[in-house]
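# Structural description and commentary
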Amino acid sequence: MPLDLSFPIDQLRFDNQGLLPAIVQDYLDGTVLMLAWMNQDSLHKTLETGRTWFWSRSRQELWPKGETSGHVQWVKSIRYDCDSDALLLSVEQVGDVACHTGERSCFFGTGEASVQPPADSLSQLYAVITDRRDHPKPDSYTCSLFRGGDNKILKKIGEEAAEVVMACKDDEPEAIAGEVADLFYHTLVALAHHQVDLKAVYRKLQERRG
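Residues numbered from 1 in each chain as written. Predicted model: local features only at pLDDT ≥ 70, side-chain atom pairs only at ≥ 80, totals over all residues. Heavy atoms only, no water.

What follows deals with the overall build of the protein. Across its full length, the protein carries five helices and six strands. Ordering the α and β elements of the protein from the N terminus gives β-β-α-β-β-β-β-α-α-α-α. Summarising its shape, the C-alpha atoms of the protein cover approximately 60 × 40 × 30 Å along the three principal directions. Looking at the protein as a whole, 38% of its 210 residues are labelled buried. (Helix = DSSP H or I, 4+ residues; strand = E, 2+ residues; numbered from the N terminus. Buried < 20%, exposed > 50% of the residue type's maximum accessible area, 1.4 Å probe, protein only.)

Written out as structure tokens, the structure reads:
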């Protein structure tokens, strides 16, 4: 759907080629997906259509993201930086793939093994938990929870929820933070055990925000 057409394009500081760098991130967990370039025409097209359009410096033409792959990016918000010479686009990435290589993000090179860039703390923790589920280690506490199944996992969630209640009753900020962290962790284990993607939870939260 179209975005706010009052976006102040005339206040942006395009370079001498009429371009701005556009950083694209996942609107749910903040993962940086790609960097592309926009000119005034591509920015207008993005605002008019609600999907990302960029300027190809190599082909010297406009291009809509996902034109051939189907991995369209639906824009949730656009921001510009304090110098008005760079853009930040929060998007819903269709297919969860932004890179032409088939990776989720274009930023997977580290000089060693290829890894996905970090997202928010819960997503990073969830990735570790699912790795433990898929590649068990005998001395892992997380793996012991998976081995115990629902009985053990849900028992721990109940215990940790009670600990949160007690910490709140005692009005101890440090204890509250620690107990909520424990509750988050064990809840993520339950999600992974039942094959529920954390981003599905994020989507529910976004839906409830309206």
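From this point, things continue past the structure.
A word on the pairing of strand β6 (residues 87-93). In terms of residue burial, β6 counts as a mostly covered element, since five of its seven residues are buried. As judged from the five bridges shared by strand β1 (residues 20-26) and β6, these two strands associate in the parallel manner. Bridging from a neighbouring strand, Ala 22 pairs with Leu 87 of β6. Here strand β5 (residues 73-80) runs beside β6; their pairing, made up of seven bridges, is antiparallel. Looking at the pairing, Arg 79 lines up with Leu 88 of β6. Counted along the chain from β5 to the antiparallel partner β6, the turn is six residues long, and its residue Ser 84 has a positive phi close to 60°. (Pairing = 2+ DSSP bridges.)

A few words now on the pairing of strand β2 (residues 32-38). Sheet topology note: the β1/β2 ladder contains six bridges and is antiparallel. Of the residues in β2, the one forming a bridge with Pro 21 is Trp 37.

What follows concerns helix α3 (residues 141-169). Residues three or four positions apart in an α-helix share a direction because the helix packs 3.6 residues into each turn. The first and last C-alpha atoms of α3 sit only 29 Å apart over 29 residues, clearly below the 42 Å expected at 1.5 Å per residue. Its axis deflected by about 125° at Gly 149, α3 carries its strongest bend there. Taken residue by residue, α3 has Thr 142, Cys 143, Ser 144, Leu 145, Phe 146, Gly 149, Ile 153, Ile 157, Glu 160, Val 164 and Ala 167 as its buried positions. Close packing links the buried residues of α3 with α2 (121-134) and α4 (173-193). The N-capping residue of α3, defined by a side-chain oxygen 3.2 Å from the backbone nitrogen of Thr 142, is Ser 140. Remark: Asp 171 follows α3 within two positions and exhibits a positive phi of approximately 55°. (Expected span 1.5 Å × (residues − 1). Bend = angle between axes of the 7 residues up to and from the residue. Contact = heavy atoms within 4.5 Å. Polar contact = N/O pair within 3.5 Å; in protein donor to acceptor, adjacent residues only side chain to side chain.)

Let us now look at the packing of α3 against α4. Contact geometry of α3 with α4 gives a least axis separation of 8 Å together with a crossing angle of 150°. As summarised for this structure, α3 and α4 are arranged roughly antiparallel, according to the angle between their axes. The two elements α3 and α4 meet at a crossing, and its hand is left-handed. Here the contact of α3 with α4 is composed, by residue class, of 17 nonpolar, five polar and six charged. (Axes fitted to C-alpha atoms, helices over the stretch in contact; angles between N-to-C directions. Parallel < 35°, antiparallel > 145°, perpendicular 65-115°, else oblique. Left-handed = near helix turned anticlockwise from the far one by under 90°. Nonpolar A, V, L, I, M, F, W, Y, C, P; charged D, E, K, R; others polar.)

Applying the stated rule across the entire model yields zero disulfides. In this structure Cys 99 is a free cysteine whose sulfur lies 3.8 Å from that of Cys 106, the closest cysteine sulfur available. (Disulfide = S-S within 2.5 Å.)

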